[in-house]
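# Residue-level structural notes
Spelled out, the chains give:
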Amino acid sequence: MFKKTLTLSNGKQVTSKRSFLPVYIFITVVFMFVAADVTNFSFGTLILRSKQFFVIIGDMIPPNWKYMDRVFGPLLETIKMSLLGSIIGSLLAIPFAVLSSINIVKNRFVAGIFKFILSVLRTLPTLVVALIATFILGLGAFAGTIAIFMFTISYVGKIMYEQIETIDMRTFEAMESFGLTKMQAFRYSILPEILPNYLSTSIFCFEGNVRYASILGYVGAGGLGLLLNERLGWRDYASVGSILMMLIVTVALIEMLSEYLRQKLK
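Residues numbered from 1 in each chain as written. Predicted model: local features only at pLDDT ≥ 70, side-chain atom pairs only at ≥ 80, totals over all residues. Heavy atoms only, no water.

Before going further, it helps to examine unusual backbone geometry. Among all residues save glycine, negative phi is the norm, and among peptide bonds the norm is trans. With an omega dihedral of -5 degrees, the bond running from Ile-61 to Pro-62 counts as a cis peptide bond. Along the chain, Pro-62 turns up in the loop between α2 (43–60) and α3 (68–100). The phi dihedral of Asn-40 falls on the positive side, at around 55 degrees, and the residue is not glycine. As for its position among the elements, Asn-40 is in the loop between α1 (21–38) and α2. Even without a glycine there, the phi angle at Lys-106 is positive, about 65 degrees. Assignment of secondary structure puts Lys-106 in the loop between α4 (102–105) and α5 (108–123). (Helix = DSSP H or I, 4+ residues; strand = E, 2+ residues; numbered from the N terminus.)

In structure tokens:
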């Protein structure tokens, strides 16, 4: 059914498989229509109501510059949350990645358990984790730091164990045959290969965590989110513009710094 016969210029016939691309396109289109129906998506509504977005943007410009003094404190708290959560999460991602790598552990059950843990942590939205943390640990930046830490360990851990599982293990096995322990063989054979990518991924994760941390205040986990929620509730869009302006500048500077550091790691 999915094969077709082609006749070459010399009269020889060859059989080739038919492409599944039309089937994939048809299935994708069907799912798009079903999703649009379930979500009540409407291009008409999007076009008619989109002008309201620009009305709010217009209310944010010019920003309320006098409100900037209140932004610095929560902004610094957001950066501290992101930095601390990213550092701790990135460090603890190393043992999780090692224990999730089947070519290191050699036990599919143990590796499967740690892969499952990382998968569960990735599944939980950061905002939900922050909400749970506020119930357990109380309101404040500590809960937000825990949420960022859990996301970082799951993200960096997954990237790392996938890279470890694709590494040529001959050097690792040779070092083990010389009498080195698994940790020593990992330190001298595998770690140098994955270190640049590990550092680059950790820096990239911190860059994203600054953005994620800025909304954790919505659930009482500290940072800029508390101010955003408060000002949006009062329809004080000029002050919201000040908060977003500071956040945009901060994220841009962090992205420039992280890009510079990633280039140095190559």
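All right, on to the side chain of Thr-78 then. Along the chain, Thr-78 turns up in helix α3. Dropping the residues within four chain positions of it, Thr-78 is found in contact with Val-210, Ala-213, Ser-214, Gly-223 and Leu-224. (Contact = heavy atoms within 4.5 Å.)

By the definition in use, this model includes five aromatic pairs. Pairing Phe-41 with Phe-43 gives two aromatic rings, centres 4.9 Å apart and planes at 85 degrees, and the pair type is edge-to-face. We classify Phe-41 as partly exposed; its relative accessible area is 46%. Among the residues examined, Phe-43 registers a relative accessible area of 58% and is labelled exposed. Ring geometry for Phe-151 and Tyr-212: centres 5.4 Å apart, planes at 85 degrees, overall edge-to-face. Residue Phe-151 is found in helix α7 (residues 141–164), and its partner Tyr-212 is found in helix α9 (residues 182–213); the two are separated by 61 residues along the sequence. Look at Phe-151 and you get partly exposed, because its relative accessible area is 22%. Each member of the aromatic cluster is reached from another via a ring pair, and the members are Phe-151, Tyr-155 and Tyr-212. The cationic tip of Arg-187 hangs over the ring face of Tyr-188; the distance from NZ or CZ to the ring centre is 4.9 Å. (Phe/Tyr/Trp six-rings, centres within 6.5 Å; stacked < 30°, edge-to-face > 60°. Buried < 20%, exposed > 50% of the residue type's maximum accessible area, 1.4 Å probe, protein only. Lys NZ or Arg CZ within 6 Å of the ring centre and 35° of its normal.)

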